[in-house]
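A structural walkthrough
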Amino acid sequence: MSNDLTPKERMAIDRQHMPEQDAGARRRTFTEVNLGFTEQLALLEARRCLLCKSPKCISGCPVLVDIPRFINFLAAGNLPAAAESLLSDNALPAVTGRVCPQETQCEEVCVRGVKGAPVAVGYLERYVADWARAHGVGAEQPSAPPSGKRAAVIGSGPAGLTAAGELVKYGHDVTVYEAFHTPGGVLVYGIPEFRLPKQIVEDEVERLKARGVKIECNVIIGKTYTLRELRERFDAVFIAVGAGLPVFMNVPGENLKGVYSANEYLTRTNLMAAYAFPEVDTPILTGKRVAVVGGGNVAMDAVRTAKRLGADEATIVYRRGKKELPARIEEIHHAEEEGIRFEFLVAPVEVVGNAEGWVTGLTCLRMALGEPDDSGRRRPVPVPGSEFVIACDIVIVAIGTRANPLLTGSTPELKLNKWGNIEADERGATSIPGVYAGGDIVRGAATVILAMGDGKTAARAIDAYLRGS
Amino acid sequence: MHTILANTQLAPNVVRLDVVAPRIAEIRRAGQFVIVRKGRGAERIPLTIADADPARGGITLVIQAVGKSTRELAALRPGEAIQDIAGPLGQPTELLERGHAVCVGGGVGTAVVHPIAQSLRARGVRVTSIIGGRAKEWVIFEAELRALGAVIVCTDDGSYGRPGFVTQALADVLADGAVDAVYAVGPVPMMRAVAELTRPSGVPTIVSLNPVMVDGTGMCGGCRVTVGGETKFACVDGPEFDGHQVDFAELADRLGTYRLFEREALERHEGPCKIGLEQ
Ligand SMILES: Cc1cc2nc3c(=O)[nH]c(=O)nc-3n(C[C@H](O)[C@H](O)[C@H](O)COP(=O)(O)OP(=O)(O)OC[C@H]3O[C@@H](n4cnc5c(N)ncnc54)[C@H](O)[C@@H]3O)c2cc1C
Ligand code: FES
C-alpha cells in the first residue's frame, strides 16, 4: 500500500468519527467509552494528513512527537514502522492517545483545522499504540550495558514511569518507590477505567519490571525513608510525587457526611474498586443527586463516575461559563451525551445538611463575568441576592490540588516556590546536586504528557550527571 | 508480604498481631500508625503501632475485630501474611520533657497509649496509667504498663480494679495535683470526657483520633477533623491533637459515614444467623 495521494484527494476526506459505546448503555458501566478506530477508519483518517513540509503539529506537541512521520507510515499501511516511530518519541502512546488535550496541542495547530477539522492525531496515536500493544511491538528495547550507577525514582505516575524506563535504557540500576500499594499514580487512582483502561498501565509497569526496573510499593519518601537517606544510597534521585493534596472550598458544612474531595471519590472508585462493594471491602457513598464543584478533567471524571455509580442527577457546578471549562473537549462532549447537568456561572457558598449530619444540598450564588483577571479570563463576580440551593446528597469538590508537603516538608534544603512546588531548571535539576524533579510536583497540576516529557528530560540529565559530563 | 509472627488473643474480639515490617520497626516512633491492606480487594485500614521489636524486625498491631476487614486480619495465623503495610505515618507524639504524665487508655486505646507511655518513661517522665474496660477480660496491656509506672485499672462492671469509668480515676489523680500532661486514647466519648475533665485546669491533654482514612498521606482528605476551628488532615497533621481544641461531635458523626456498609459487609462475611447468635 502507498500513501501517494494528491493534496486535493486528501482534502476531500472528512474527519472520521471515533466509534463509541452507546451513551445510554455506557451510563452504568465503567468499560471504556471510546472503542478505537477500525483499521479502515485509521487508514482513511491518516490519509487526511497533508504531510506538510514544515509541520506545525510537531511543535504543538509538548514532547515533539514526529507526528507526520508515524501517520505517513500508518497511511501506507506499514504499522510496524508507524509503531516504532511513535514509540521512539513517546513511551506511553496508548495513554496519551487517550488523555492528551489534543485540541489545545497538536490538533489545535494542524493546518487542516483552518478550514474544517484537524487530523485526529490523538485517535491515530491511540490506534497505532493499541496495535503495537496487541502485537508486542516495542516491548523489547535494547538497554545500554550496565553503568554500575543506581538511581531512585520517587512516585510512579507518568513522570516517574517514563524516567524509570529511560534510565534503565541508559543502563542504570533503577528503583521506583511508590506510596500506594499499586503503581501508576493518577493513571490508576484518578483517571477512570471508562477513559483509560487500567490494563494499559499494568502492562507498562510489567514491561518496565521485565526490563529490570524494581518497583517498591508502600514506601512513602519523607516517612519510610527520607530523601537524604535515598540520596546516600543512590547516585541520583528523581522526584515525581505529583500534586496530590486536595484543595477544599473552605465553606461552612464541608465536613458533613457526603462531601468528598475528588481525589477521595476517584481513589475509592478506581484504585479501591468501591463500585464493586461488597465484592471488595472499600465502600463509597452513592447518591441519587450528586453535585460536583469544578470544571476540569477531574470534575468531569468525578461527575461521570457518579452517574455510573447510580446517580439520577449528576451536576457540574462551575463558576465560569461553558467556554471556560478547562476539561478536554471530548470529556465535556461525553458528559453531555451521558446526561450530565451543567450549572454555569455558579459559586457554592455553603453545604447544607440535615440533623443527622448528611448533606442535603449545596447553596450557591449566581455569578456574572466582570473584569479580566491575571489569566486574561473575565473574573466571575457574585450577583447580589441570587442565592439558591441545588438539592443533592453528595458533594464532590474538584477545584484543584496542590503540592503535598509530605516529602518536601521533610527536606528543608530542597528549594520550593511560593506554592510549595519544587524549583527545578529546564533539565529538572533541583537545588540539591544529583536530585532532579518533574511532573506535577514542579509544574502544579498539569498534564500527563508534560509529566512524561519531564521524566524523559530529567532522565537524560541524570544520565549525563551519572556519567560525569 | 508481611508474615505474621504471632497472633495472641488479648480480650474478646481483640488480638495482638506481631508482624514482619523491619523498616517500620526500626524507625517508628510513639503515636505513629501504619496503613494495612490484607490483600486483593481488601480495604486500606489505619492501625496504630502498639510496639516494635527492631531486632526481630517485627511490629505489634492490636486489632479490635469489629467489622469484616478487622475480623479477617484478626483471623490471620502465624506464617500467613499481610500483603501491604505502609508507614510509619502521622506525626510522632509530642512528648513531655519531664514531670508527671497520665496515660489514659480505654479498650483497645490502651494498646495505642502503651508506646506513648514507653517513650515518656524512656526520657525519665513519671507515668501513671489509667486503663479501663467493660469487664476484667477486656483489660489489656496491664503488665506492659505496670513495667512503666503506676497503673489504675477501672472496669465498668467492677469485676476488676476500680468500678467505674477511667474519668473518675483521672479526676482523683488530678485532684492529687502535679499532673503535667494527659495522653488519652480510646473511644470518642471517653476522649471527649477526659478533655472536658482537664479543660478547667488547663492540663495539656493530647488525644489520638481515628477518623476514616484511605491513603494516610494527605491526598484524599477523608480523614479531616476540625481542631481549633480549622480543618486538619488527621493522617498527616495528627493523629494526635490538643484534646481541648478537637470537635469531637463532628468526629463521632463522620465516623458513622459507612456504618450501613460495614453492617452489610459483615453480614455477607459471617452470614446473618451467626451475627444473630453473637448478640
Ligand atoms: C482525575 C484526574 C484526571 C486527569 N485527566 C487528565 C487528562 O485527561 N489528560 C491529562 O493530560 N492530564 C490529566 N490529569 C492530570 C495528570 O494526571 C497529571 O498531570 C499527571 O498524572 C502528573 O504526573 P506525575 O507523574 O507528575 O504525578 P502523579 O500521576 O500524581 O503520580 C505521583 C505518584 O507519586 C506517588 N507519591 C506521592 N508522594 C509520594 C512519596 N512521598 N513517596 C512515594 N511516592 C509518592 C503518588 O502516590 C503517585 O502514585 C488528570 C488528573 C486527575 C487527578
Ligand atoms: S487519609 Fe487521605 S488525607 Fe488523610
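Predicted, not measured: the structure shown is a model, and the values here were computed from it.

With that out of the way, let us pick up the overall build of chain A. Helix and strand content of chain A: 19 helices and 16 strands. In summary, chain A has a C-alpha radius of gyration of 23 Å against a globular reference of 23 Å for 469 residues, a match within 12%. Once the C-alpha set of chain A is aligned to its principal axes, its extents read approximately 65 × 60 × 50 Å. For chain A, the residues scored as buried account for 59% of the 469 residues in total. A separation of at least 24 residues holds for 69% of the contacts in chain A among residues at least 6 apart in sequence. Of the roughly 18900 Å² of accessible surface on chain A, a fraction of 53% belongs to carbon and sulfur atoms. Between the mean site of the 54 positive side-chain charges and the mean site of the 57 negative ones, chain A shows a separation of 3 Å.

Bringing the interface of chain B and chain A into the picture now. The interface of chain B with chain A comprises 43 residues on the first partner and 40 residues on the second. For the pair chain B and chain A, the summed buried area comes to about 3400 Å², and 54% of that belongs to carbon and sulfur atoms. Put simply, chain B and chain A have four salt bridges between them. Among the elements that take part in the side of chain B that touches chain A, strand β7 (residues 84-89) of chain B stands out by supplying six residues, more than any other. Counted by class, the side of chain B that touches chain A contains 15 nonpolar, 14 polar and 14 charged residues.

Right, let's get into the environment of T155 of chain B. Residue and element names in this part refer to chain B. Looking at where T155 falls in the secondary structure, it is placed in strand β10 (residues 149-155). Taking C-alpha positions, T155 is 31 Å from P78, a pair spaced 77 residues apart along the chain. For T155, the residues in contact, after removing those within four places along its chain, are G133, R134, A135, K136, V139, Y160, R162, P163 and G164.

Residues and elements named next belong to chain A. Taken together, 33 residues surround ligand 1, and among them V99, E178, R195, I221 and D440 come closest. One of the side-chain N or O atoms of N297 is found 3.5 Å from an oxygen atom in ligand 1. Residue D440 places a main-chain N or O atom 2.9 Å away from an oxygen atom belonging to ligand 1. Taken by itself ligand 1 offers 990 Å² of open surface, and the protein chains cover 93% of this.

A few words now on the packing of aromatic side chains. Inspection of every chain in the model, using the stated rule, returns 12 aromatic pairs over all chains. On the numbers, 6.1 Å between centres and 85° between planes, the contact of F248 of chain A with F233 of chain B is edge-to-face. Separated into two different chains, F248 of chain A in the loop between β5 (245-246) and β6 (259-261) and F233 of chain B in strand β15 (residues 230-233) make up a pair that spans both. As far as the burial class goes, F248 of chain A and F233 of chain B line up, both buried. A network of ring pairs unites the aromatic residues F30, F194 and Y275 of chain A as a single cluster. Note that R150 of chain A overlies the ring of F234 of chain A, its terminal NZ or CZ placed 4.3 Å from the centroid. The cationic tip of K257 of chain A hangs over the ring face of W358 of chain A; the distance from NZ or CZ to the ring centre is 4.7 Å.

Conventions used here
- Residues numbered from 1 in each chain as written.
- Chains lettered and ligands numbered in written order.
- Predicted model: local features only at pLDDT ≥ 70, side-chain atom pairs only at ≥ 80, totals over all residues.
- Heavy atoms only, no water.
- Helix = DSSP H or I, 4+ residues; strand = E, 2+ residues; numbered from the N terminus.
- Rg over C-alpha atoms; globule rule 2.2 N^0.38 Å.
- Buried < 20%, exposed > 50% of the residue type's maximum accessible area, 1.4 Å probe, protein only.
- Contact = heavy atoms within 4.5 Å.
- Areas by Shrake-Rupley, 256 points an atom, 1.4 Å probe, with all protein chains shown as cover.
- Lys, Arg positive; Asp, Glu negative; His and termini not counted.
- Charge placed at Lys NZ, Arg CZ, Asp CG, Glu CD.
- Buried area = accessible area lost by both parts, 1.4 Å probe.
- Salt bridge = Lys/Arg side-chain N within 4 Å of Asp/Glu carboxyl O.
- Nonpolar A, V, L, I, M, F, W, Y, C, P; charged D, E, K, R; others polar.
- Near = heavy atom within 4 Å.
- Polar contact = N/O pair within 3.5 Å; in protein donor to acceptor, adjacent residues only side chain to side chain.
- Phe/Tyr/Trp six-rings, centres within 6.5 Å; stacked < 30°, edge-to-face > 60°.
- Lys NZ or Arg CZ within 6 Å of the ring centre and 35° of its normal.

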